[in-house]
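Read off the chains here:
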Amino acid sequence: MFSDKDISRFANLETPFYYYDLSLLQNTLKTCADAAKLYNFHVHYAMKANFNPVVLQKIKATGFGADCVSGGEVSKALESGFDKNQIVFAGVGKSDKEINLALDEDIFCFNVESVQELEVINELAAKKGKKAKVAIRINPNVDAHTHHNITTGLDENKFGVNSWDLPQCAETLKASANLEFIGIHFHIGSQITNLDVYKNLCVRVNEFGLWFEERGFTVKVLNVGGGLGIDYHNPDQQVPDFGNYFKIFSDFLEIRAGQEVHFELGRALVGQSASLISRVLYVKNGKKKNFVVLDAGMTELMRPALYQAYHKIENLSRGKQVALKYDIVGPICESTDCFGKEVEQPETFRGDLYAIRSAGAYGEVMASKYNLRDEIRSVYSED
Ligand code: LLP
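Owing to the predicted nature of the structure, the values given are computational and were not obtained by experimental measurement. (Residues numbered from 1 in each chain as written. Predicted model: local features only at pLDDT ≥ 70, side-chain atom pairs only at ≥ 80, totals over all residues.)

**What about the domain arrangement of the protein?**
Then comes step 1: Partitioning the protein into structural domains gives domain 1 (4–17 + 272–380) and domain 2 (22–270).
Then comes step 2: Taking only C-alpha atoms, the centre of domain 1 and the centre of domain 2 are 33 Å apart.
Then comes step 3: Counting residues at the interface gives 15 residues for domain 1 and 21 residues for domain 2.
Then comes step 4: Here the residues of the side of domain 1 that touches domain 2 are counted per class, giving six nonpolar, six polar and three charged. (Domains from an automatic or database assignment. Contact = placed C-beta atoms within 7 Å. Nonpolar A, V, L, I, M, F, W, Y, C, P; charged D, E, K, R; others polar.)

Now the structure itself:
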């Protein structure tokens, strides 16, 4: 929700830009941290959702760790002051260079996604005379009931070690002097809104934990990944239900004494805290359709073009009285450069300000230079 003061501030700024509501971000982080503390759960922030430096500073200050998926993210986490003992490194395709970097930095753990990767980490760690801490990312074949492009925990997905490869995995772990097994890792998908899915995940985590214990391994860490969704239809109902989310894991996981439960949340922490603010360049009234052409496009927020994702769109200049239906499009030379079709809006004019809401996660980080677009800046509520 924007105040009149926000809107008059926006009117004087060059568009488009990402607008961060830092007090909402702070509130979201605190709510999550407080809820996790109740159960002594550890939260790692999934940096891929947003690595804006101002956002990262707030997250680091909350005491969360960092979940990284590239050498670049590991470096960024360290530069931003995250504790190396709270940095985990996942990803199905870690290069030797990235593994070496993480070994040099002595990060907390590699979340390993194949038997071959275990062998490579062992070899590279041996060359450095180090012991790498590893957790096995297991593909649990649990349906996250989310968009098929962002589901990750099914047999047909590329992520994690499949259950039928676990015996080989256990053998490799036992034979690898430069690996220290610390636990098991899962991530079944993103934008999960049906929390029951997590109950199914817990059942699988318990089974796989037992499987490793029965083979003589100590499972210190249960990392259940992230994926908690946000309500894109109600961006003003801003803070996700962290309490219920964590309670499910407390209720359904069989947590042994000395075991730690780790989470990797991205979207739920940052998603609602930003909007993409844009100005109307042109209004085209066609025979069949009316178009609002914005100065922001899929290059600044790719989710609608890529996943047909819904983002709430608001005209900030004309009040709330809807009058017409418009396709809200960007300037990019692609037909998929459309933020929403047949969206009800007040009658719109050149120069009106528009907000595309819930752009805090997978917005700025997925921006592209396509059409040689300028990189846009970020504006903060506490500027
Ligand atoms: N952990 C792992 C191993 C992941 O792959 C991801 C996200 C997360 C944690 C954090 O998930 P979150 O809590 O944010 O759902 N670009 C897509 C989302 C891709 C998610 C990739 N992995 C989108 O815009 O919807």
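**Topic: the nonpolar core**
Then comes step 1: Counting 102 residues, the largest nonpolar core has Tyr45, Cys68, Ile87, Phe89, Ile121, Val134 and Leu265 as the members making the most contacts within it.
Then comes step 2: Top contributing element to this core by residue count: helix α8 (residues 196–214), with six residues.
Then comes step 3: Counting the residues that make up this core, at least three belong to each of domain 1 (4–17 + 272–380) and domain 2 (22–270).
Then comes step 4: If near-sequence neighbours (up to four positions away) are discounted, Phe89 is found in contact with Cys68, Val74, Lys94, Ala102, Ile107, Phe110 and Asn111. (Core = buried A, V, L, I, M, F, W, Y, C linked by C-beta atoms within 7 Å. Buried ≥ 20, exposed ≤ 12 C-beta atoms within 10 Å, placed from the backbone. Helix = DSSP H or I, 4+ residues; strand = E, 2+ residues; numbered from the N terminus.)

**Description of unusual backbone geometry**
Then comes step 1: Cis rather than trans, the peptide bond between Thr15 and Pro16 has omega equal to -5°.
Then comes step 2: Note that Pro16 resides in the loop between α1 (4–11) and β1 (17–20).
Then comes step 3: Not every positive phi belongs to a glycine, and Asn40 is a case in point at roughly 65°.
Then comes step 4: Tracing the chain through its elements places Asn40 in the loop between α2 (22–39) and β2 (42–46).

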